[in-house]
Amino acid sequence: MKITSVKTAATIGHCMHVWVRVETDAGITGLGECVHGGSAAIALIADLERRLIGQDPFAIDALFESLRRSLVFEGGFAGAFITALTGIEIALWDLKGKALGVPVYELMGGKFRDRIKVYADCEVEPGLDFDDAKRAVDEILEQGFKALKIDLDIFAYGHRGAETESFVKDAFNMTPDKWEYGRMLQLAQMVSELAGPEVEVACDLHTRLDKHSAIRLARDLEHLNLMWLEEPIPPENIDTMREITAATSTPICAGENLYLRHGFRDLIEKHAVDIIMPDIPKCGGLSECRKIANMAEIYSMPFAPHNVSSPVGTMASAHVCASIPNFLILEFHWTKRDYWSTIIAEKRDIIEDGFIALSDAPGIGVTLDEEVARAYQYPGTTWFS
């Protein structure tokens with residue numbers, strides 16, 4: 001079997017979702033998805049196609065690494081190039097599973113668990129009052145989720161409600177003022193109470209704080225026993241992140257903006273966080289993220305992937321989560337999107353009562369409904385041409 005073409009399409013979703021289809025001379029195809037690579041990833045995949053035509057699609061790791069090394073001076077360690085490779089890599093795993101008639105997790109050594117626990121990114125924002133927040137949390141709990149996440153930083157910087165003619169918040173300042181800080185504490189407390197003692201709550205800061213503010217906030221939230229506090233500062237300074245993690249009993253989680261195991265090495269080896277969260281359809285793909293998880297396991301560090309993908313990328317991530325021992329939980333970011341279940345041909349919600357149940361379907365286990373997907377085609381992109 002040889003690769004004959006590599007084609008892309010893109011839809012509007014949480015971001016630009018790039019679909020990658022690998023075709024072969026045996027008529028078997030594989031579908032992959034990558035996110036946060038944008039139009040640059042599409043252009044890179046088009047350029048890489050000539051290097052893939054005629055290759056053995058089963059040699060997934062070798063193809064990935066040969067492509068990465070061949071362009072190492074053009075971004076072979078991070079960014080859109082790695083995201084482009086990720087979309088190709090996931091499509092190759094799907095293709096191989098279909099060709100052999102087995103699910104991807106079997107190709108990865110089998111599964112440690114039959115179900116993948118999922119948490120919902122809950123749209124609770126600082127502007128909501130208690131009743132509004134209760135409605136948002138109740139919607140999540142009614143769907144059976146036993147874990148959720150809120151954003152503490154939304155509108156906290158440049159918050160319009162705090163602006164007057166004499167005061168306009170500096171949107172670039174990483175230090176929250178008294179009102180902003182108090183609102184973050186209030187929101188975390190409010191949602192924790194609404195969720196109840198049996199539901200895990202995580203809080204995301206999207207790298208918005210300085211070191212002092214991050215330590216102060218993490219300590220002030222310790223009594224809530226959060227699942228984690230996510231990305232309090234930008235990921236560039238590993239030593240500063242380590243200081244924050246060492247200063248609090250609140251678990252610190254980070255990693256959605258890192259790439260490959262090379263990008264996670266210092267974060268893990270220096271114990272800079274308590275939990276790592278690679279975005280699997282962004283940072284290197286299925287095989288690479290298993291390596292990241294295995295590296296973290298040596299340091300007793302849980303693996304909780306970031307995820308904004310469609311059911312295709314989400315299910316691909318679930319195969320990795322099934323195949324490693326130190327999996328904690330997977331993100332679900334589509335509570336308010338209107339085509340979560342209809343975009344796949346199977347026409348079902350892959351998440352039930354807060355879990356993804358793995359099946360024995362070959363490959364990733366879900367397929368794209370192109371008629372539905374094309375209705376959301378990203379402007380200015382081509383469709384598998």
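Residues numbered from 1 in each chain as written. Predicted model: local features only at pLDDT ≥ 70, side-chain atom pairs only at ≥ 80, totals over all residues. Heavy atoms only, no water.

Asker: Break down the packing of helix α2 (residues 60–70) against helix α3 (residues 79–100) for me, citing the residues and quoting the values.
Answerer: At a minimum axis separation of 10 Å, α2 and α3 run at an interaxial angle of 165°. What the angle tells us is that α2 and α3 run roughly antiparallel. Crossing hand, α2 versus α3: right-handed. Facing I60, L63, F64, L67 and R68 of α2, the residues of α3 in contact are F81, I82, L85, T86, E89, L92, W93 and K96. (Axes fitted to C-alpha atoms, helices over the stretch in contact; angles between N-to-C directions. Helix = DSSP H or I, 4+ residues; strand = E, 2+ residues; numbered from the N terminus. Parallel < 35°, antiparallel > 145°, perpendicular 65-115°, else oblique. Left-handed = near helix turned anticlockwise from the far one by under 90°. Contact = heavy atoms within 4.5 Å.)

Asker: Give me the lowdown on the pairing of strand β3 (residues 29–35), citing residues and values where you can.
Answerer: By the criterion of burial, β3 is predominantly enclosed, with 6 of the 7 residues buried. Alignment of strand β2 (residues 16–24) against β3, held across 7 bridges, turns out to be antiparallel. Within the sheet, the bridge partner assigned to H17 lies in β3 and is V35. Hairpin connection, β2 to β3: the antiparallel pair is bridged by 4 residues, and G27 has positive phi, about 85°. (Buried < 20%, exposed > 50% of the residue type's maximum accessible area, 1.4 Å probe, protein only. Pairing = 2+ DSSP bridges.)

Asker: Lay out the packing of aromatic side chains with the relevant residues and their values.
Answerer: For the structure shown, the criterion picks out 7 aromatic pairs. Taking the centre distance of 5.3 Å and the plane angle of 85° together, the rings of Y119 and W228 count as edge-to-face. Of this pair, Y119 sits in strand β4 (residues 115–121) while W228 sits in strand β7 (residues 228–230), and the two are 109 residues apart along the sequence. Judged by its relative accessible area of 0%, Y119 is buried. Its relative accessible area of 0% is what places W228 among the buried residues. (Phe/Tyr/Trp six-rings, centres within 6.5 Å; stacked < 30°, edge-to-face > 60°.)

Asker: Account for the nonpolar core, naming residues and giving values.
Answerer: L148, L152 and I276 are the most contacted members of the largest nonpolar core, which has 120 residues in total. Counting residues per element, this core draws most heavily on α3, at 10 residues. What I276 contacts, discounting residues up to four positions off in sequence, is A254, F264, L267, I268, I292, A296, M301, P302, F303 and A304. With 10 residues, the next largest nonpolar core counts Y119, A202, M227 and C253 among its residues. (Core = buried A, V, L, I, M, F, W, Y, C linked by side-chain atoms within 4.5 Å.)

Asker: Any chance you could break down the pairing of strand β5 (residues 147–151) for me, citing the residues and the numbers?
Answerer: Among the 5 residues of β5, 5 are classified as buried, and the element is accordingly described as predominantly covered. Taking every second residue as pointing to the same face, both faces of β5 are buried, with A147, K149 and D151 on one and L148 and I150 on the other. Where β5 meets strand β6 (residues 200–204), 5 bridges bridge the pair, whose relative direction is parallel. Paired with L148 across the strands is V201, a residue of β6.

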